[in-house]
Amino acid sequence: MVICNTRMKNVLIIGSTGQIGSELTMKLRHLHPEGNIVAGYIPGFEPKGELLESGPSAVVNVVDAVQIAEAVGRYKIDTIYNLAALLSATAEKFPLKAWDIQMNGLINILEVAREHGCAVFTPSSIGSFGPSTPHKDTPQDTIQRPTSMYGVTKVATELLSDYYFHKYGVDTRSVRFPGLISYTTLPGGGTTDYAVEIYYAAVKGEEFVCPIAAGTLMDMMYMPDALKAAVDIMEADPSKLIHRNSFNIASMSFAPEDVFAAIKKIIPDAKMRYEVDPVRQAIADSWPDNMDDSCARAEWGWMPHYDLDSMSKDMIEHLRIKLGK
Ligand code: AKB
């Protein structure tokens, strides 16, 4: 079995203009100025500004295996970040499309990776857990019986990625992302999106209408920590990895009233009311309150930097600049 070199140099980011991709592409370009860090996108979601100008880009639709293979061959890609996905709430509206992107897309990537010797990162999520999972300190290895289409595809992603590692030696690795909070690119169609939108509303001076009920705990993470995880897992010493697909990673767990209270420390007249969305609430109720990430800490040194207060301070500072407030 050949395990390819995990030192990244030439990287293809599929979904480079999305919430994670737009920042991860720039981070990798700063870390590897000598390499080809290729921003893969689909028509309608073209890279713009610095993302377009700072490196190569290519049309790569995850459901088109030929496009993936062409970009991998042309840029001598050694690592693929597969960030194309429909998030949880959107996947409930379009389950077949979610299956197509998440599963047919993944197998296209894994086949190209097998032929070209690439390492592959495909994120999993807190969405890979379900109602029968222990919700407190959710262990690394536990029951995964999700009830959303998003969750079904995330569990299948973990299994298929491990299968390609064990059967073909494809160097697949991944983390289970919590809800991600960032000020650069908005998420879309996720259950945890409220935790980004609440900051935008507070900085704009608007009342926030929260779609998630008070008391609903979910794991969340600030984007700089998430990007660090995505890079560090791919650069980790493979001999230390007992797990691969996929590692629990955690930094903070909060309910809507907790993030609102953290924002109010900085913007005292911030306003919020609840108008619960039953689809998002059912998904949120099925997810962990908080994950145990001790395996990630032990196997590759995972260590988050931000907590709720330090994230809130940084988010609000950056959003004030971005929104001119
Ligand atoms: C979602 O809410 O769907 C995502 C996730 C937690 O995977 N942000």
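What you see is a predicted model, and the numbers here were worked out from it, not measured in a lab.

**Details of the site of the ligand**
No. 1: For the ligand, the full set of nearby residues is L87, S88, S125, I126, Y150, G190, T191, T192 and W287.
No. 2: Between an oxygen atom of the ligand and a side-chain N or O atom of Y150, the distance comes to 2.6 Å.
No. 3: Alone, the ligand offers 260 Å² of accessible surface; in the complex the protein occludes 94% of this.
No. 4: When grouped by side-chain class, the residues that make up the shell around the ligand number four nonpolar, five polar and no charged.

**Here we look at helix α12 (residues 308-323)**
No. 1: Between its first and last C-alpha, α12 extends 21 Å over 16 residues, near the 22 Å set by a 1.5 Å rise per residue.
No. 2: All buried positions along α12 are accounted for by L308, M311, S312, D314, M315, I316 and L319.
No. 3: Contact partners of the buried residues in α12: β9 (179-181), α7 (194-204), β11 (218-222), β13 (252-254) and α9 (256-266).
No. 4: Two residues or fewer past α12, G324 is found with a positive phi of approximately 65°.

**Things to note about the nonpolar core**
No. 1: Ranked by internal contacts, the top residues of the largest apolar core, which has 67 residues, are I14, I181, Y194, Y199, F254, I263 and M311.
No. 2: Both domains that furnish three or more residues to this core are identified here as domain 1 (10-177 + 223-248) and domain 2 (180-220 + 251-323).
No. 3: Counting 30 residues, the second largest nonpolar core, distinct from the first, contains M8, L24, A226 and M234.

**Overview of the sheet that holds β13**
No. 1: Across the sheet, three strands lie side by side as β9-β11-β13; this open sheet has mixed pairing. Either end of the sheet is taken by a strand with one partner, and the two such strands are β9 and β13. On average, each strand axis in the sheet is inclined to that of its neighbour by 40°, with strand direction left out of account.
No. 2: Along the sheet face, α12 touches β9, β11 and β13 and points at about 85° away from the line of β13.

**Comments concerning the side chain of Q140**
No. 1: For Q140, the position within the fold is in the loop between β6 (124-125) and α6 (149-168).
No. 2: Polar contacts involving the side chain of Q140 include one to the main-chain carbonyl oxygen of S246, which spans 2.7 Å.
No. 3: Discounting chain neighbours no more than four positions away, the residues touching Q140 are R176, H243, S246, F247, N248, D292 and C295.

**Some points on the domain arrangement of the protein**
No. 1: Split into domains, the protein comes out as domain 1 (10-177 + 223-248) and domain 2 (180-220 + 251-323).
No. 2: Placing a centre on the C-alpha atoms of domain 1 and another on those of domain 2 gives a separation of 22 Å.
No. 3: On the side of domain 2, 37 residues touch domain 1, which itself brings 42 residues to the contact.
No. 4: Across the domain 1 to domain 2 interface the summed buried area is about 3,200 Å²; carbon plus sulfur atoms make up 61%.
No. 5: By the criterion of area lost to domain 2, the three top residues of domain 1 are Q19, I126 and D225, representing 22% of everything that side buries.
No. 6: The tally of links from domain 1 across to domain 2 stands at one salt bridge.

**Considering the pairing of strand β10 (residues 207-210)**
It is a general feature of regular strands that their side chains alternate between the two faces of the sheet.
No. 1: Burial along β10 is one-sided: the face carrying F208 and C210 is buried and the face carrying E207 and V209 is not.
No. 2: Note: β10 against strand β14 (residues 271-274), four bridges, orientation parallel. The residue of β14 that forms the bridge with F208 is M272.

**Section: unusual backbone geometry**
No. 1: Cis geometry marks the peptide bond from N245 to S246, where omega comes out at 25°.
No. 2: Along the chain, S246 turns up in the loop between α8 (223-235) and β12 (247-248).
No. 3: Positive phi, close to 50°, is recorded for K76, a residue that is not glycine.
No. 4: With respect to the secondary-structure elements, K76 resides in the loop between α3 (65-74) and β4 (79-82).
No. 5: Phi is positive for D137, close to 50°, though the residue is something other than glycine.
No. 6: Residue position: D137 is located in the loop between β6 and α6.

**What to know about the sheet that holds β12**
No. 1: Strand order in the open sheet made by the three strands is β6-β8-β12, with parallel pairing throughout. Sheet topology places β6 and β12 at the edges, where each strand pairs with a single neighbour.
No. 2: Where strand β8 (residues 175-177) lies against β12, two bridges are found, and the strand directions are parallel. The partner of R176 across the bridge, within β12, is N248.

About the thresholds
- Numbering of residues starts from 1 in each chain and follows the order in which that chain's sequence is written.
- Local features are withheld for residues below a pLDDT of 70 in this predicted model, meaning they are given only at 70 or higher, and side-chain atom pairs are given and counted only at 80 or more; totals for whole chains, interfaces and linings count all residues.
- The side-chain quantities take in all heavy atoms of the structure and omit both hydrogens and water.
- For this purpose, a residue is taken to be near a molecule or strand whenever a single non-hydrogen atom of the residue falls within 4 Å of it.
- The definition of a polar contact used here is a pair of N or O atoms within 3.5 Å, where within protein one atom must be able to donate a hydrogen and the other to accept one, and adjacent residues in sequence count solely through side-chain atom pairs.
- Shrake-Rupley sampling with a 1.4 Å probe provides the accessible areas, and residues are treated as covered by the protein chains on show and by no other component.
- The residue classification treats Ala, Val, Leu, Ile, Met, Phe, Trp, Tyr, Cys and Pro as nonpolar and Asp, Glu, Lys and Arg as charged. All others, Gly included, are polar.
- Labels follow the DSSP assignment, with helices taken as runs of H or I lasting at least four residues and strands as runs of E lasting at least two, numbered in each case from the N terminus.
- In this scheme, a helix's expected span is set at 1.5 Å multiplied by one less than its residue total.
- Note on classification: 1.4 Å probe, protein chains only; a residue is buried when its accessible area is under 20% of the maximum for its type, exposed when over 50%, partly exposed between these limits.
- Note on definitions: a residue-residue contact is assigned when non-hydrogen atoms from the two residues lie within 4.5 Å.
- Residues belong to a common nonpolar core when they are buried Ala, Val, Leu, Ile, Met, Phe, Trp, Tyr or Cys residues joined through side-chain atoms within 4.5 Å.
- Annotation comment: domain bounds sourced from an automatic or database domain assignment.
- At least two DSSP bridges between two strands are needed for those strands to be called paired.
- To get an axis, a line is fitted to the C-alpha atoms, and for a helix only the part in contact is used. The angle between two axes follows their N-to-C directions and goes from 0 to 180 degrees.
- When two components associate, each loses some accessible surface as probed by a 1.4 Å sphere; the sum of these losses over both components is called the buried area.
- Within this document, salt bridges are pairs made up of a side-chain nitrogen of Lys or Arg and a carboxyl oxygen of Asp or Glu, the two lying within 4 Å of each other.

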